[in-house]
Amino acid sequence: MTGPPRDVDVLIVGAGPAGLAAAARLAAPGVARVEVLDREQQAGGVPRHCHHGGFGTWTHPLTGPAYARLLLGAAVRAGAVVRTGVTALDWAGPLALNTLGPHGLETIRAAAVVLATGARERPRAARLVSGTRPDGVYTTGELQQAVHLYRQRIGTRVVVVGAEDVSYAAADTVRAAGAELVAMVTELDRSQTTTARAQYARLRHRVPLLTDTTVTELLGHGRLSGVRVRHRDGRTVQLACDTVVFTGDFVPDHELARRGGLDLAPDTRGPAVDGTLHTSRPGVFAAGGVLHPGERAATATREGSQVATAVRELLEGPRSFHGKRPDLPQ
Ligand SMILES: Cc1cc2nc3c(=O)[nH]c(=O)nc-3n(C[C@H](O)[C@H](O)[C@H](O)COP(=O)(O)OP(=O)(O)OC[C@H]3O[C@@H](n4cnc5c(N)ncnc54)[C@H](O)[C@@H]3O)c2cc1C
């Protein structure tokens, strides 16, 4: 049972960098009632479990959690209400969402809605890898949450699928968990990270990189016992491991956009937006990873600020930004 709908000015779905940056900029002048929802128990989006560096700037490098804390602080200080453990389930009208949180179902209506739902790595099932369904199969995000947020044991011998930046972040997490990295496996002929990072991993950590190689099958019942890989020349070999991490290959978290019947961009399958990040539905905007799966957090933060300007212009007319803008991390 839901009670009567509750009204806010701006409803933001997703408390990652894009949603928090948008909230900080929208609530800053103290005009709009801005509410941010996140289904996780903690705000911050993906960075909250990226304990490696790689956030912030060259002059002010940050870990993911530190970056998330800065953005959350800016949004809350600006006056935005950030509610965690609340999932936006579906649309209850053109600018209204049904939500489920600790106090049950609620319908929230807004003058503008921002979808900042981010992106996720394609899991094993979507990659059409054959074999059994054993334990010990992760994406990088799941691995980082298991190790850094929930302090779970992940196994002892790990194969990482992929060789891009996020794959090297997964390798760092494997080491942080005290497990052995058996190999990184990529279908491509070289890694997709910087030469410096690839060489550091190879020389310092002796990371074995198998190029031109595809993981074709997962083996083992109960717990993973190995993966079968095939080289481009047709040779196959079995790698003994109890954990495999599928990295990268990002797809937008576009469920709400899809359920709302918003137009989707043919290339990314995220919501289609115009130059002001307005979707095909008047009053509904989108920003961040849901538009650019796999981009860096700074891009999402920048876009969160940008969408705030567009939302404010919709609500108050052009040139409405008079207040002091809060400083946000890059
Ligand atoms: C493993 C990994 C490592 C990374 N490492 C780096 C790095 O080192 N440096 C860097 O710059 N970038 C890195 N990135 C990329 C960076 O994390 C993203 O660019 C950034 O998080 C995108 O921000 P966002 O706000 O768009 O989405 P997200 O951070 O994904 O946040 C979206 C939020 O929306 C919430 N949400 C989704 N749907 C709903 C719903 N229906 N109801 C309620 N809440 C919902 C989710 O719970 C999530 O918290 C990494 C990404 C990954 C996956």
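Here the structure is shown first, and the text comes after it.
Fair warning: this is a prediction, and the values are worked out from it, not measured in the lab.

Caption draft 1: Inspection of the packing of aromatic side chains at higher detail. This model, assessed by the stated rule, comprises one aromatic pair. Taking the ring centre of Trp-91 as reference, the NZ or CZ of Arg-281 above it sits at 4.8 Å.

Caption draft 2: Just the sheet that holds strand β10 (residues 130-131), in detail. Strands sit in the order β10-β15-β16-β17 across an open sheet of four strands; the sheet is mixed. Edge positions in the open sheet fall to β10 and β17 (236-240), since each of these has one partner strand only. Both β10 and strand β15 (residues 213-219) contribute to a ladder of two bridges, which runs parallel. Following the sheet pairing, Ser-130 is matched in β15 by Glu-217.

Caption draft 3: Representation of the sheet that holds strand β18 (residues 243-246) in the model. Taken together, the five strands give an open sheet; going across it, the order is β11-β18-β12-β13-β14, and neighbouring strands pair in parallel fashion. Of all strands in the sheet, those bounded by a partner on one side alone are β11 (137-139) and β14 (209-210). Pairing of strand β12 (residues 157-161) with β18, which is carried by four bridges, proceeds in the parallel orientation. Residue pairing for β18: Val-160 is matched across the bridge by Val-245. Strand contacts of helix α3 (residues 140-149): β11 and β18, with the helix running at about 100 degrees to β11, the strand carrying the most contacts. Helix α4 (residues 165-176) contacts β12, β13 (180-185), β14 and β18 of the sheet and is inclined by roughly 170 degrees relative to β13.

Caption draft 4: Representation of the site of the ligand within the structure. Around the ligand, the surrounding shell holds 34 residues, and the nearest of these are Asp-38, Val-46, Gly-54, Gly-289 and Glu-295. In this structure, Asp-38 approaches the ligand through a side-chain N or O atom, which is 2.6 Å from an oxygen atom. At 2.6 Å, a backbone N or O of Glu-295 approaches an oxygen atom of the ligand. Across the complex, the protein chains shield 91% of the 1,000 Å² of accessible surface that the ligand would expose by itself. Among the residues making up the shell around the ligand, the classes are represented as 16 nonpolar, 13 polar and five charged. Two domains each provide a minimum of three residues to the shell around the ligand, namely domain 1 (6-120 + 250-321) and domain 2 (123-246).

Calculation rules
Residues numbered from 1 in each chain as written. Predicted model: local features only at pLDDT ≥ 70, side-chain atom pairs only at ≥ 80, totals over all residues. Heavy atoms only, no water. Phe/Tyr/Trp six-rings, centres within 6.5 Å; stacked < 30°, edge-to-face > 60°. Lys NZ or Arg CZ within 6 Å of the ring centre and 35° of its normal. Pairing = 2+ DSSP bridges. Helix = DSSP H or I, 4+ residues; strand = E, 2+ residues; numbered from the N terminus. Contact = heavy atoms within 4.5 Å. Axes fitted to C-alpha atoms, helices over the stretch in contact; angles between N-to-C directions. Near = heavy atom within 4 Å. Polar contact = N/O pair within 3.5 Å; in protein donor to acceptor, adjacent residues only side chain to side chain. Areas by Shrake-Rupley, 256 points an atom, 1.4 Å probe, with all protein chains shown as cover. Nonpolar A, V, L, I, M, F, W, Y, C, P; charged D, E, K, R; others polar. Domains from an automatic or database assignment.

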